[in-house]
Amino acid sequence: MADVSVVGEQIARLFRASGWDVVARRSILRATEPAYEPVIHDWMAGSARSLSDAEIYVHSPSRVIVEDGAPEREVDRIRSALEALGTNARVLPQSRFVDDYWGAAIAVQNAIRDAETSDVDVLFGADELSVDDRHVGAQLRLGALSVPDHRAIESGLPLRGACMAVIADAGLGKSELLRWHAWRSAMLYRGSLGSRRLVPLPPVYLRVPLRDFKSLSLDYVAHQLSQPAQLNGLLPLPRIRSGAVLRELLIQQRLTLFLDGLDEMSADSQTVDGDIVEWRKVVRDGASFVLSCREGHESSRGTIARRFDPDEIARLTPLDRNVAHELLRKRGATETIASQVTAALSGPSAGIPLFLLLAHRVGLQEAPSEAVGASRTLMLLDLLKLFCKRDEARVGVTSEDQIDTLTQIAEHLMIAGPLHQEELLRNLGVGDSDPLARIVRNPHALLENGSDGVQFKFPEFEALFRARAISEGWRNYGFNSIASILKSEELSELVVEYLARLLHPAAVSGAWVSTENQGDAALLRRNLLGVALARVDDIAHNESPNARATQLAGILGNRRLMNASLSALYLNRYDFADWQFAHVQGHDGTLSYCENLWRSDHDESVKTIATDECSFTPPAASVINVANGINRLRRIVRPIRRKNGGPVVSLMDRDEVSDMDGWALLTKMKLASFAGKASKARWTLNSDGIRVLTAFCIADAGGDETLAALVDSDQDVRSVVTALARS
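Parameters and conventions
- Numbering of residues begins from 1 in every chain and follows the order in which that chain's sequence is written.
- Local features in a predicted model are, by the rule used here, given only for residues with pLDDT of at least 70; side-chain atom pairs are given and counted only at 80 or more, and totals for whole chains, interfaces and linings are based on all residues.
- No hydrogens and no water enter the side-chain calculation; it runs on all heavy atoms of the structure.
- Each helix is a run of DSSP H or I of at least 4 residues and each strand a run of E of at least 2, with the numbering of both proceeding from the N terminus.
- We compute the radius of gyration from the C-alpha atoms alone; for a globule the expected value is 2.2 Å times N to the 0.38, where N is the number of residues.
- The criterion used for residue contact is that any of the two residues' heavy atoms lie within 4.5 Å.
- Only the protein chains shown count as cover for residues, with accessible areas throughout obtained via the Shrake-Rupley method and a probe of 1.4 Å.
- Charge assignment in this entry is limited to Lys and Arg as positive and Asp and Glu as negative, and neither His nor the chain termini are counted.
- To locate a charge, the coordinates of NZ of Lys, CZ of Arg, CG of Asp or CD of Glu are taken.
- Any Phe, Tyr or Trp ring, taking Trp's six-membered ring, that has another such ring centre within 6.5 Å forms a pair; planes under 30 degrees apart are called stacked, those over 60 apart edge-to-face, and the others tilted.
- Sitting over a ring, as applied to charges here, requires NZ of Lys or CZ of Arg to be within 6 Å of the ring centre and within 35 degrees of the ring normal.
- Pairing between strands is defined by DSSP: at least two bridges between them are needed.
- With its strands directed away from the observer, a crossover is right-handed exactly when the path from the first strand over the helix to the second travels clockwise.
- Only C-alpha atoms enter the line fits that serve as axes; for helices the fit covers just the stretch in contact. Angles between N-to-C directions range over 0 to 180 degrees.
- Polarity classes work like this: nonpolar for Ala, Val, Leu, Ile, Met, Phe, Trp, Tyr, Cys and Pro, charged for Asp, Glu, Lys and Arg, and polar for all others, with Gly in that last group.
- Salt bridge, as applied in this entry: a Lys or Arg side-chain nitrogen positioned within 4 Å of an Asp or Glu carboxyl oxygen.
- For the purposes of this section, nonpolar cores are sets of buried Ala, Val, Leu, Ile, Met, Phe, Trp, Tyr and Cys residues that join through side-chain atoms within 4.5 Å.
- Between buried and exposed lies partly exposed: a residue is buried under 20% and exposed over 50% of the maximum accessible area for its type, with that area taken using a 1.4 Å probe on protein chains only.
- The pLDDT value tells you how sure the predictor is about a given residue, anywhere from 0 up to 100.
- To estimate the expected span of a helix, count its residues, drop one, and scale the result by 1.5 Å.
- Under this definition, polar contacts are N or O atom pairs within 3.5 Å; protein pairs additionally need one hydrogen-donor-capable and one acceptor-capable atom, and for neighbouring residues in sequence, both atoms have to be side-chain atoms.
- Any angle that falls under 35 degrees is termed roughly parallel, while one over 145 is termed roughly antiparallel, one within 65 to 115 roughly perpendicular, and all others oblique.
- Only a pair of cysteine sulfur atoms within 2.5 Å qualifies as a disulfide here.

### Observations regarding the overall build of the protein chain
For step 1, the next point in the chain: Across its full length, the protein chain holds 33 helices and 23 strands.
For step 2, the next point in the chain: Over its C-alpha trace the protein chain gives a radius of gyration of 29 Å, about what one expects of a compact globule, namely 27 Å for 727 residues.
For step 3, the next point in the chain: Projecting the C-alpha coordinates of the protein chain onto the three principal axes gives extents of approximately 90 × 80 × 55 Å.
For step 4, the next point in the chain: Taking as baseline every contact in the protein chain between residues at least 6 positions apart, the subset at least 24 positions apart corresponds to 62%.
For step 5, the next point in the chain: Accessible area for the protein chain stands at about 31200 Å²; split by element, carbon and sulfur atoms hold 49% of it.
For step 6, the next point in the chain: Distance between charge centroids for the protein chain: 4 Å, based on 82 positive and 95 negative side chains.

Below is the structure:
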């Protein structure tokens, strides 16, 4: 299609991807629509100035497609030529023609309906407010920059061909943020439809919830968009019938997808990682997309770190006190009540919207105990108990019975999968005359009846009740009573995280040691290991690899990773010297920046484990490697070291950096961040990075022996030197 106009080439690609036969020559398109009796369309497409009256008279097209923003005088000329032919042919800008074809108006309607029917706002009393009135301003950390949430998309996707990962703790509102931005774009789109016909239409932003998706491939996502049963009540987009069609809409900037909930997918991390590579290729061709994920989700963390640059990762931060007040005031709270709620939620839960709304709904006015206030898991459970207390009159069941029944429901759904009302009541052993049946029949405010059966409205609630079912069964009836559950299912990251805070560490170590030699317990031990890893991240998140390994050994009761699956587990920054690895099933598991793997006692099964910047193979010529790493680090710190021996300078402009790969490695090791474009691009050391590089500079000034002693004794300095030597 070397002689085809740019507009014509793009339209031809889209329709060919849709299965049409398109013959294109210069500005002429003959498109044959696939049907039992094929329909032939004759179109002209190109810049308005290039379409001559003579060509129009000769070809008599049924449509003329011109570039967006074409000169009005040229368009009037083309209209006059078409009128002279006596046809009903229309002149359309490219964006309107393409959007009419693929059903952009339906996608806009879906975006608006998705935002207006948010479960969070319906459950917590804001359904009478407009989508915009519900919103309160939050902040994101995009690379090293602080960005208000209303500028998240323009900051994260500033250019054609860009992508962004949005990461947030459970309950912080990442889905609500994406809904709001999709709604804003939909309202802008509707407003643009009423403007002058030549004005380009903006792209449509559409949130795609990824819960239970088995893949992120373009073909799979296109299939989900085109199938009404998969869209949670939203309208299907049947013209997006394949990944090829979706690809064209993305690169032509007619559609931008917000892929919401990487942590809720049912695919393994290797599949997801490969799919993200496919999306990155589409970005290189001009597409844009946003991917969201829960903070700390282990199996997604590696994919995000590998496939997104630091300045492409945005972290949603907790609300500050004033914004928390605004959120509660919009839900009907007085200033006094808003102050009482935010004061009662002091601690890690204070800035989480889901917790604030729950606390307001249940009338929380007094601060919880110190133990509860320090744990988001226990705080959420306490708030749900209070929520059920408030619902006693409506449901006619005590709050204790509500909590117990919801826990049993979570357990049955965990074991049997989706269940319809009748099946669930049978499994619960509850008859229609029993008041407990109302929890299923009504249903309870935390449940909903979906097309697949009864389910929890929020994944956070479902995960918490699943974790409670396991911990209560373990505590009341012993480990053997729940062992079959741990053997049969790979627990989700959120269930594991909650379980780590509900179980006593001694219970985990007892189960880990007692199942070490069981031949059929690989999945069970994977779940136990997941709980232990989550517990370490809670209590030793910023500790050294050696300290983290010590904590892990204390929780497990030994230093042996044996007869266990590592599926979807991400072991980050552990020192495994003197540990034992045997009979591990490493598929879909990752060891990242772990130290001294080669000093562990391990068998051939470790070859199945993916490793990131670490290896079970002893380093060759380690003395030379260390020397190379030291010399390389000297070159990196030379421009930022202070003559008086004080802390190193924390900022480094990209133009001043001679070792880009070295700084990228510091960023990957969470010692620095990168932000900005072109001349404003720069690296910023965080507090850990300043400490490590300052310690290196001071020791280096003391001579080779002092520096060697530091590299030997300081795990973090040694990690940097070793990584620089190897890369």
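### Regarding the packing of aromatic side chains
For step 1, the next point in the chain: Considering all chains together, one arrives at 19 aromatic pairs under this definition.
For step 2, the next point in the chain: Each member of the aromatic cluster is reached from another via a ring pair, and the members are F15, W20, W43, F97 and Y101.
For step 3, the next point in the chain: One cation-aromatic arrangement involves R184 over W180; the distance from NZ or CZ to the ring centre is 4.6 Å.
For step 4, the next point in the chain: Seen from the ring of W512, R525 lies directly overhead, with NZ or CZ sitting 3.7 Å from the centre.

### A closer look at the pairing of strand β5 (residues 90-93)
For step 1, the next point in the chain: Inspection of the sheet shows strand β4 (residues 63-66) paired to β5 by four bridges, in the parallel sense. Residue pairing across strands places I65 opposite L92, the latter belonging to β5.
For step 2, the next point in the chain: Assessed by its sense of winding, the connection that carries the chain from β4 through helix α3 (residues 72-85) to β5 is right-handed.

### Here we look at the sheet that holds strand β17 (residues 580-582)
For step 1, the next point in the chain: Spatially, the three strands line up as an open sheet ordered β15-β17-β19, and their pairing is parallel. Only two strands of the sheet have a single partner each, and these edge strands are β15 (560-562) and β19 (601-602).
For step 2, the next point in the chain: Here β15 pairs with β17 via three bridges, running parallel. Opposite M562, over in β17, you have A582 as the bridge partner.

### Some points on the packing of helix α31 (residues 687-701) against helix α32 (residues 704-713)
Relative placement of two packed helices is described by the angle separating their axes and the distance separating the axes.
For step 1, the next point in the chain: With their axes 6 Å apart at the nearest point, α31 and α32 run at an angle of 145 degrees to one another. Contacts between α31 and α32 involve A695, F696, A699 and D700 from the former and T706, L707 and L710 from the latter.
For step 2, the next point in the chain: Among the residues making up the contact of α31 with α32, the classes are represented as five nonpolar, one polar and one charged.

### Side note on the pattern of salt bridges
For step 1, the next point in the chain: The tally for this structure, following the rule as stated, stands at 43 salt bridges.
For step 2, the next point in the chain: A salt bridge links R306 to D273, with the shortest nitrogen-to-oxygen separation between them at 3.4 Å. Taken as a pair, R306 in helix α13 (residues 298-307) and D273 in helix α12 (residues 269-284) lie far apart in primary sequence, 33 residues in all.
For step 3, the next point in the chain: Each of the salt bridges in this network shares a partner with another, and the network as a whole consists of E9, R13, R247, E248 and D285.

### Regarding the nonpolar core
For step 1, the next point in the chain: One finds W102, L216, L246, L257, L291, L552 and F576 to be the most contacted residues of the largest nonpolar core, which totals 194 residues.
For step 2, the next point in the chain: When residues of this core are assigned to their parent elements, the largest contribution, eight residues, is made by helix α27 (residues 522-539).
For step 3, the next point in the chain: Ignoring sequence-local partners within four residues, the contact set of W102 consists of A107, V204, L237, R239, I240, L249, R254 and L255.

### A word on the sheet that holds strand β23 (residues 682-685)
For step 1, the next point in the chain: If you walk across this open sheet you meet the three strands as β21-β23-β22, and the pairing is antiparallel. Here the strands that pair on one side only, and so sit at the sheet edges, are β21 (651-653) and β22 (672-675). Averaged over all neighbouring strand pairs, the angle between strand axes comes to 20 degrees, with direction disregarded.
For step 2, the next point in the chain: Here β22 pairs with β23 via four bridges, running antiparallel. In the strand pairing of β23, S673 is matched with T684.

### What about unusual backbone geometry?
For step 1, the next point in the chain: Of note in the backbone geometry, S60 takes a positive phi value of approximately 45 degrees without being a glycine.
For step 2, the next point in the chain: Taking relative accessible area as the criterion, S60 reaches 35% and is therefore assigned partly exposed.
For step 3, the next point in the chain: In the Ramachandran plot, A568 falls in the positive-phi region, its phi being about 65 degrees despite a non-glycine side chain.
For step 4, the next point in the chain: Relative to the helices and strands, A568 is located in the loop between β15 and β16 (570-572).

### Comments concerning the confidence of the model for the protein chain
For step 1, the next point in the chain: Confidence in the prediction for the protein chain averages 87 pLDDT; 93% of positions are at 70 or higher.
For step 2, the next point in the chain: The spread of mean pLDDT over the elements of the protein chain runs between helix α6 (residues 119-123), the lowest at 55, and helix α11 (residues 243-251), the highest at 97.

### Regarding helix α9 (residues 174-193)
For step 1, the next point in the chain: Its 20 residues place the ends of α9 29 Å apart at the C-alpha level, agreeing with the 28 Å of an ideal helix rising 1.5 Å per residue.
For step 2, the next point in the chain: Among all positions of α9, only K174, L177, L178, R179, W180, H181, A182, W183, S185, A186, Y189 and S192 are buried.

### Details of the side chain of N110
For step 1, the next point in the chain: Relative to the helices and strands, N110 is located in helix α5 (residues 104-116).
For step 2, the next point in the chain: Take N110: its relative accessible area is 3%, and that puts it in the buried class.

### Regarding the environment of V7
For step 1, the next point in the chain: Here V7 shows up in helix α1 (residues 6-17).
For step 2, the next point in the chain: A residue is classified by how much of its surface remains accessible, and V7, at 7% relative accessible area, is buried.
For step 3, the next point in the chain: In this structure the C-alpha to C-alpha distance between V7 and A104, which are 97 residues apart in sequence, comes to 19 Å.

### Digging into the side chain of R207
For step 1, the next point in the chain: Summarising the element assignment, R207 is placed in strand β9 (residues 204-209).
For step 2, the next point in the chain: Classification of R207 by relative accessible area gives buried; the value is 9%.
For step 3, the next point in the chain: In this structure the side chain of R207 is engaged in a polar contact, spanning 2.8 Å, whose partner is the side chain of D114.
For step 4, the next point in the chain: Within the local environment of R207, its side chain forms a polar contact with the side chain of D260, the two groups lying 2.6 Å apart.

### Considering α11
Within an α-helix, residues lying three or four positions from one another point in the same direction, as the helix has 3.6 residues per turn.
For step 1, the next point in the chain: α11 sits mainly inside the fold: seven of its nine residues count as buried.
For step 2, the next point in the chain: All buried positions along α11 are accounted for by G243, V245, L246, E248, L249, L250 and I251.
For step 3, the next point in the chain: Buried residues belonging to α11 abut α1, α4 (94-102), α10 (218-226), β10 (255-260), α12 and β11 (288-294).
For step 4, the next point in the chain: One or two steps after α11, the chain reaches Q253, where phi turns positive at roughly 60 degrees.

### What about the packing of helix α25 (residues 493-502) against α27?
For step 1, the next point in the chain: Put simply, α25 and α27 touch, their axes get as near as 8 Å, and they point 70 degrees apart. In terms of axis orientation, α25 runs roughly perpendicular to α27. In this structure, α25 uses V496, E497, L499, A500 and R501 to contact α27, whose residues at the interface are R526, G530, V531, A534, R535 and D538.

### A word on the state of the cysteines
For step 1, the next point in the chain: Inspection of every chain in the model, using the stated rule, returns zero disulfides.
For step 2, the next point in the chain: Left unpaired, C594 is separated from the closest cysteine sulfur, that of C614, by 5.0 Å.
For step 3, the next point in the chain: Residue C594 is classed as buried on the basis of its relative accessible area of 5%.

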